[in-house]
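# A look at the structure
Below are the chains, spelled out letter by letter.
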Amino acid sequence: MPELTRASPWPFVGMAGLACVLFLDLASLLFAPWWAVLLLVLVWVVLLVVATAWWTLHPRWVPGVPVVGVVVWLVVAVAGGAWLGWRA
């Protein structure tokens, strides 16, 4: 009988975080133009691919992926508000 190994919870935490980042990206339509939101969603898709690839290879790294997504969103939102005049 094969030995059972416990599944790591960290990839699930990372994917839940990515769901939150997608919510932030889509809610940006309230203050950002459509093209900026489209770019944010494209970055999110890349982050999803990275998180999926790391699911079994590096499960402890997956929660860092949504952190990158939040930082990208924050930089885009602040820069857009400061230099491009985006307002809610």
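### Focus on the packing of helix 1 (residues 10-27) against helix 3 (residues 64-83)
Any two packed helices are characterised by how steeply their axes cross, that is the angle between the axes, and by the distance between the axes. Relative orientation of the contacting elements helix 1 and helix 3 amounts to 15°, with a least axis distance of 8 Å. As the angle between them shows, helix 1 and helix 3 are arranged roughly parallel. Remark: the crossing between helix 1 and helix 3 carries left-handed chirality. Within the contact between the two elements, helix 1 uses Gly14, Gly17, Leu18, Val21, Leu24 and Asp25 and helix 3 uses Val65, Pro66, Gly69, Val70 and Trp73. Residue composition of the contact of helix 1 with helix 3, by class: seven nonpolar, three polar and one charged.

### Quick word on a nonpolar patch on the surface
A contiguous nonpolar surface patch, about 990 Å² in accessible area, is contributed by Leu29, Trp34, Trp35, Leu38, Leu39, Leu42, Trp83 and Leu84. At five residues, helix 2 (residues 34-57) tops the list of elements feeding residues into the nonpolar patch. Residue position: tryptophan 35 is located in helix 2. With a relative accessible area of 42%, tryptophan 35 lands in the partly exposed category.

Here is what the cut-offs are and how they apply
- Residues numbered from 1 in each chain as written.
- Predicted model: local features only at pLDDT ≥ 70, side-chain atom pairs only at ≥ 80, totals over all residues.
- Heavy atoms only, no water.
- Axes fitted to C-alpha atoms, helices over the stretch in contact; angles between N-to-C directions.
- Helix = DSSP H or I, 4+ residues; strand = E, 2+ residues; numbered from the N terminus.
- Parallel < 35°, antiparallel > 145°, perpendicular 65-115°, else oblique.
- Left-handed = near helix turned anticlockwise from the far one by under 90°.
- Contact = heavy atoms within 4.5 Å.
- Nonpolar A, V, L, I, M, F, W, Y, C, P; charged D, E, K, R; others polar.
- Patch = residues over 30% accessible without salt bridge, like charges linked within 9 Å, V, L, I, M, F, W, Y side chains within 5 Å.
- Areas by Shrake-Rupley, 256 points an atom, 1.4 Å probe, with all protein chains shown as cover.
- Salt bridge = Lys/Arg side-chain N within 4 Å of Asp/Glu carboxyl O.
- Buried < 20%, exposed > 50% of the residue type's maximum accessible area, 1.4 Å probe, protein only.

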